[in-house]
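Letter by letter, the chains look like this.
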Amino acid sequence: MFTALKKGRIAALGVIAVSAAVALAGCSSGSSPLDAGSTSTGSAAAGTIVIGSQSYYSNEIIAEIYAQALEANGQTVTRKFNIGQRDAYLPALASGEVTLFPEYSGNLLQFYDKSTAAVSADDVYAALKTAVPANLEVLEQSAAADQDSYNVTKAFADANGVTSIADLAKVSNVTLGGNAELATRPYGPPGLLSTYNVTVGFTPIDDSAGPLTLKALLDNTIQVANIYSADPSIGENNLVTLTDPKNLFLASNVVPLINKDAATPEVTDVINKVDAALTTEDLVKMNGESTTDQKSSADIAKEWLDGKKLF
Amino acid sequence: MNLFLDGIAWIFDPAHLNGPGGIWVRIGEQLSYTFGAVALAAIIAIPLGLWIGHTGRGRDVAVLTSGGLRALPSLGLLIIFALAIGIGFKAPLLAFVILAIPSLLSGAYAGVEAVDRRTVDAARAQGMTEWQVLTKVELPLGLPLLIGGIRSGVLQVVATATLAYFASGGALGVFINDGLKTRDYAELIGASIIVTVLALLLEGIFALLQRLFVPRGVTAGRISDVRSRPLRPRAVVGSPIQEGK
Amino acid sequence: MNWVVNNLGLIWSLTLDHIALAVPPIILGFLISIPIGWVANRYHASRGVLLTISGLLYTVPSLPLFIALPAILGTGILDPVNVVVGLTIYAVALMVRSVADALAAVDSGVRQAATAMGYSGWQGFWQVEFPLAGPVLLAGLRVVSVSTVSLVSIGSVIGVSSLGYLFLNGLQRNIVAEVISGIVATLVIAIVFDLILVAVGRILLPWAKADPSARQTRRRTAERALTGTVTS
């Protein structure tokens, strides 16, 4: 029996273990996710733009547009999409793990300055320029807006005579649904109370105003849903977006946030050109192509760039 | 270590402990998922497992199925169910039932199979019916492995129930998600500590149960029977099914 | 189904990401467990302690672990190393018990015979005990493999690319086919890994099939590893 166990087998075991280790070393120095390890400790290699996106499909489309536009202009791009929410990726931008990120001006400003008084798109943008950390900067903002908005069903609006957020004060037992972090955002329940004197319950639904939020709203599990204004489901489901006379929500336009180390003219010129061409209607249309037509963000971005003939 | 202390401090802040959405409520939800899912899984898996173990039929299918179920990512299942059912506790519960089934199923059939065939034959020779063989011989003797399967299912669900927040199903994952989204490490670590402590408590309870419910003399499931045979047979007292391994 | 056809490239690249995250923890977990399991088996007093600690590690929920690791390791928040280290910890937690049980299942008569034939402790371990423990080790490794493959997806929640992306993205866009394709691809990886392990076992451990009584012990030990019911 022992003859079967002789060194030959041990050697075979060793060979397999070693070759596996070599293969692994190959993996970690090659492409695949493991290569990000090399960029994590400092800023990315010179000349490579690392584009991030939120785990929000619409944000990923904009990031993909940036990526393809830069690639069309001879830049090397690494995509690090689907990075949680602002609280998770801003430190990555500051550390240089990610160098370029499509952002939304109002929400970003409120992240840095909770008590900001800026409301209009221009004021927000001006305030944002000074609010971002020293090693980051915002490029020119786009006319395209995608901001938080409170929506109710047509039936609820009609039954309770609600058209503005202020009208919610007349209705009792209203529950608001949105991503978990909305609970502590300035425009979340605390802001509703202080700005409009409206008290609401809150149900966290972590799909970034996706199908679960919509289903909960249509089922009347929640009565008010935080849905982004460029979301095609508002139109598709006849939802009523409540007006915001006291400006609880700041204007929130698409704006690129970039690590200064990466902000060379070759990069900023391309991105500014893209943002100048992007409109809110484009966003709504592209979002619909993603959810309804199930197209990939790469295809949607390519079609948009081909249509605009920017480069 | 500071993070750890911050986490502990977070747990014992009365503002976090009490009220709707407080720690106690979330612990209750976490345990409800755990026991609810394991109970539902037990209704399905234990009778099936006992039948497979007793008859020997469908064993290969059961091994394959429980292996396959183990590989199913809970997050994906939970999301599929949530998209179909909507938010609330039902989608996570369903996903956790599926998570618990493999452990319970294999615990049940392995328990019955581990019983010495000669003991079973002796029971039959004494005139026991098949039902009696199952309930009076195979089940009590296979109990350690069966309880072990339940224990393993309970631990898996209690650690995984943190994912329920994906379907707005509450439980301790709410804090973990909150902590993640707002980079509140104290909240994140605090909630994780609670989950780990819950798991350890349940583990302890089950280790105790395994001891209490095992009929005297039953050693199946103890490590001793997978150890090699001693060179000379040991004097075995009170463990008649020890031989022949 | 249309979605799947149009996104085969995406599914494939995420599958590769998933594999690259799953393989290192399985191998590292195995290698790290061998000395720990050996100590647990060799020194009886340490057995309970080591197995309890490894069991304790397994109860730490995965999502917070992935998030807490950057703070402990000093890695970047998006660094895949966090996921690899986290999964390695789980792999070790599962595997230590298997190693200890596998070594315990080696016939003590064989061990004594090896000593009698003049094998040193080191030789005896690598040339006799370890190969004989192979089948049970393999059974444990298969469990580790399946569990690691299915856990990798959680990494997507913290922004490390894997098939879990399809779950989160499919959820937001309400594309059920996307979520299902993620589940199916995970299953396929798990099955392929398992087949590879079985094949490796056939090549390296040809004697495993020869001895029926050993096979039964092995099967039972493997099942106990699966149900986690081996009490010490």
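Residues numbered from 1 in each chain as written. Chains lettered and ligands numbered in written order. Predicted model: local features only at pLDDT ≥ 70, side-chain atom pairs only at ≥ 80, totals over all residues.

- For chain C, the name recorded in an unreviewed UniProt entry is ABC transporter permease, with Subtercola boreus as its organism.
- In its Sequence similarities (unreviewed entry) section, UniProt records this for chain C: "Belongs to the binding-protein-dependent transport system permease family." (UniProt positions renumbered as here; feature names shortened; annotations may be inferred.)

- Going by an unreviewed UniProt entry, chain B carries the name Glycine/betaine ABC transporter permease and comes from Subtercola boreus.
- If you open the UniProt record of chain B and go to Sequence similarities (unreviewed entry), you find "Belongs to the binding-protein-dependent transport system permease family."

**Focus on the UniProt feature "transmembrane region" (unreviewed entry) in chain C**
- Mapped onto the present numbering, the UniProt feature "transmembrane region" (unreviewed entry) falls on residues 20-41, 48-69, 81-100, 143-167 and 179-205 of chain C.
- For residues 48-69 of chain C, the helix share is 86%, the strand share is 0%, and the end-to-end C-alpha distance is 27 Å. (Helix = DSSP H or I, 4+ residues; strand = E, 2+ residues; numbered from the N terminus.)

**As for the interface of chain B and chain A**
- Taken together, the contacts link 14 residues of chain B with 15 residues of chain A.
- Among the elements of the structure, helix H5 (74-85) and helix H9 (173-181) of chain B are those that each provide at least two residues to the side of chain B that touches chain A.
- When residues in the side of chain B that touches chain A are grouped by element, the largest group, four residues, is from H9(B). (Contact = placed C-beta atoms within 7 Å.)

**Brief notes about the packing of helix H6 (residues 108-116) of chain C against helix H7 (residues 121-151) of chain C**
All names here are of chain C.
- Interhelical geometry of H6 versus H7 gives an angle of 160° and a closest axis separation of 10 Å. In terms of their interaxial angle, H6 and H7 are classed as roughly antiparallel. Our pair here, H6 against H7, has a crossing hand that is right-handed. On H7, the residues that touch Val 110, Arg 111, Ala 114 and Thr 115 of H6 are Gly 124, Val 128, Glu 129 and Leu 132.
- In terms of residue class, the contact of H6 with H7 is made up of four nonpolar, two polar and two charged. (Axes fitted to C-alpha atoms, helices over the stretch in contact; angles between N-to-C directions. Parallel < 35°, antiparallel > 145°, perpendicular 65-115°, else oblique. Left-handed = near helix turned anticlockwise from the far one by under 90°. Nonpolar A, V, L, I, M, F, W, Y, C, P; charged D, E, K, R; others polar.)

**Brief notes about helix H3 (residues 57-72) of chain A**
Residues and elements named next belong to chain A.
- Spanning 16 residues, H3 covers 22 Å between terminal C-alpha atoms, matching the ideal 22 Å at 1.5 Å per step.
- Within H3, 14 of the 16 residues are buried, which leaves the element mostly enclosed by the surrounding structure.
- Looking one or two residues past H3, Gly 74 carries a phi angle of roughly 80°, positive in sign. (Expected span 1.5 Å × (residues − 1). Buried ≥ 20, exposed ≤ 12 C-beta atoms within 10 Å, placed from the backbone.)

**Side note on the sheet that holds strand S7 (residues 201-204) of chain A**
Residues and elements named next belong to chain A.
- Spatial strand order, S7-S6-S8-S5-S9: five strands in an open sheet with mixed pairing. Single-partner strands in this sheet number two, and they are S7 and strand S9 (240-241).
- Here strand S6 (residues 175-178) pairs with strand S8 (residues 224-228) via two bridges, running parallel. Looking at S8, one finds that Leu 176 is bridged to Val 224. (Pairing = 2+ DSSP bridges.)

**Some remarks on the confidence of the model for chain B**
- This prediction gives chain B a mean pLDDT of 82; 87% of its residues lie at or above 70.
- Across residues 220-245 of chain B, where pLDDT falls below 50, the model places 52 contacts with residues more than four positions away in sequence or in other chains. (pLDDT = per-residue confidence, 0-100.)

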